[in-house]
Structure formats: C-alpha cells, structure tokens
Amino acid sequence: MKILLLGATGRTGKYLLAEALDRGHIVHALVRDKSKITTSNNNLFLFEGFPTNEADLAHAMKDCDAILSVLNISRTSDFPWAKLRTPTTFLSDAIKIMAKVAAHEKSKRMIICSAWGANETKKDIPGWFRWLIDNSNIGVAYRDHEVQENYLKGTGFEYTIVRPVGLTNSEKEQVVCVTLNDNPKPTLTISRKSTAKFMLEVLDKNLFVKQAVTISKQ
C-alpha cells in the first residue's frame, strides 16, 4: 500500500515511519526539513513542504492509497504554559486541506492520531488534567483536535480517529486495550511505539472504519 505520512519527524511519527516500512508499505513522508529523516529505504520518498499548503500536500499525496497523520500542535517545551510553535488552528486547517486534496485523489482512507480527552472523552480523564486543558496551553491542542475530529466525521472519507491516552517513550512490547463507547475503562498510559503499531494494524486490517477509539496499555 502507498501511504502519505504526516508528522514523520515527531516523537510518534518516527515509530509510525519505521513500522510502515517494516510492513513493506511505500511511504510518502511530507516533512518541513528532509534532513531530519536519516532513514534509508527504497520504499521511502521524502517531500519537503507543509501540510497546510495545498500544493505541497497534493504533490506528496499523488497516487497514495491512505493518509496517516500524527500531526499535533507543539509548544516550545512540555511546560503547560509554554509558548506555541504552531498556529492554534494548525490541525483543523490541515484536515480541511487534506480532505480537499484527497477528494481529487484515490486516498479515501484517513487514520489520524487525536487524544484521549477530546470531545466526549473529556469527561473520562482525571479532573486535574481537565483543569489543565481548560487553563493552560495544553487546551489549545485539545480544542483543535475536537474541530479536526468533527470536520473529519462530516466528510465522506473512511476515517479512523485514534485517541491514545498519555503517551510514553517506552520501547517495551505492550498489549493494547481498545476502548469504544466508554468500554472498557482505559488505563492512563500507552507508548508511542504501541500507538504507531496500532495505527498500522487499523490500516492493514481495515479496522474501526468511521469510528473513534481510545487506546491504552492493557
């Protein structure tokens, strides 16, 4: 399968890129700076540009079967009140352009990484974290995740929205717990590596089409 990958240089994206190539997929990675990817693979094609630029996106998406996105709004540090690096509408702007471009391509399958705490799952997260969403820069990403999700749900694409709980950098093998419609209750963490593997499983097995699922470490 030929995949357009967005966010390949990020902390989760690097695992998604490695997993996609390990599974034999052809990967078109749209990145701001090609030099940040040092992977050498005959199935990897790098495109330099921005996911909010229609021409850049169209060039990278050409002939792709599916789109996998782990884009996120970033801050200058993990401090909840740190200055933002990206616009507050980065995710929702990108999904609108992705949908517009994909309408003229064969890419009808979209799998995006959102977050536990977006939309109806906000009621399920710990109270202290709800407070941070409402009172710090963390909330900017969650609010834009919600706009992104809602826009995608209103399109005709075969989407899957993956909402990981707290992401860790663990390299250990993990069993993934999938929460759908609040059942079962998720645990509080999952690794970026496990999230990437799950997203590729969703693609390869065509799972959870037009659904939003929360994933956590079992």
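Our structure is the block above this text.
Description of the structure in this document. Here the structure is a predicted model, which means the values were calculated and not measured. (Residues numbered from 1 in each chain as written. Predicted model: local features only at pLDDT ≥ 70, side-chain atom pairs only at ≥ 80, totals over all residues. Heavy atoms only, no water.)

## Brief notes about the pairing of strand S6 (residues 158-164)
Part 1 of the argument: S6 sits mainly inside the fold: 6 of its 7 residues count as buried.
Part 2 of the argument: Bridge analysis of strand S5 (residues 109-113) against S6 gives 5 bridges, and the strand direction is parallel. Bridging from a neighbouring strand, Arg 109 pairs with Glu 158 of S6.
Part 3 of the argument: By the bridge criterion, 5 bridges tie S6 to strand S10 (residues 211-217) in an arrangement that is parallel. Within S10, the position partnered with Val 162 by the bridge is Val 213. (Buried < 20%, exposed > 50% of the residue type's maximum accessible area, 1.4 Å probe, protein only. Helix = DSSP H or I, 4+ residues; strand = E, 2+ residues; numbered from the N terminus. Pairing = 2+ DSSP bridges.)

## With respect to the packing of aromatic side chains
Part 1 of the argument: Taken as a whole, this structure holds 5 aromatic pairs when the rule is applied.
Part 2 of the argument: Residues Phe 79 and Trp 81 carry aromatic rings whose centres are separated by 5.6 Å and whose planes lie at 50° to one another, so their mutual orientation is tilted.
Part 3 of the argument: Taking relative accessible area as the criterion, Trp 81 reaches 44% and is therefore assigned partly exposed. (Phe/Tyr/Trp six-rings, centres within 6.5 Å; stacked < 30°, edge-to-face > 60°.)

## Comments concerning the pattern of salt bridges
Part 1 of the argument: If you walk through the whole model with that rule in mind, you get 13 salt bridges.
Part 2 of the argument: Here Glu 120 makes a salt bridge to Arg 163, at a shortest N to O gap of 2.7 Å. Placement of Glu 120 in the loop between S5 and helix H4 (127-135) and of Arg 163 in strand S6 is noted, with a sequence separation of 43 residues between them.
Part 3 of the argument: A residue is classified by how much of its surface remains accessible, and Glu 120, at 43% relative accessible area, is partly exposed.
Part 4 of the argument: Take Arg 163: its relative accessible area is 1%, and that puts it in the buried class.
Part 5 of the argument: Arg 163 is the partner of Glu 149 in a salt bridge, and the nearest nitrogen-oxygen pair spans 2.6 Å. Separated by 14 residues along the polypeptide, Glu 149 in helix H5 (residues 138-153) and Arg 163 in strand S6 bring together distant segments of the chain. Taken as a pair, Glu 149 and Arg 163 share a single burial class, namely buried. (Salt bridge = Lys/Arg side-chain N within 4 Å of Asp/Glu carboxyl O.)

## Some points on the packing of helix H1 (residues 13-22) against helix H6 (residues 192-205)
Part 1 of the argument: Where H1 contacts H6, the axes come no closer than 8 Å and their chain directions differ by 45°. Judged by the angle between their axes, H1 and H6 are oblique. Considering only the axes of H1 and H6, their crossing is right-handed. Across the interface between the two elements, Tyr 15, Leu 16, Glu 19 and Ala 20 from H1 touch Arg 192, Lys 193, Ala 196, Lys 197, Met 199 and Leu 200 from H6. (Axes fitted to C-alpha atoms, helices over the stretch in contact; angles between N-to-C directions. Parallel < 35°, antiparallel > 145°, perpendicular 65-115°, else oblique. Left-handed = near helix turned anticlockwise from the far one by under 90°. Contact = heavy atoms within 4.5 Å.)

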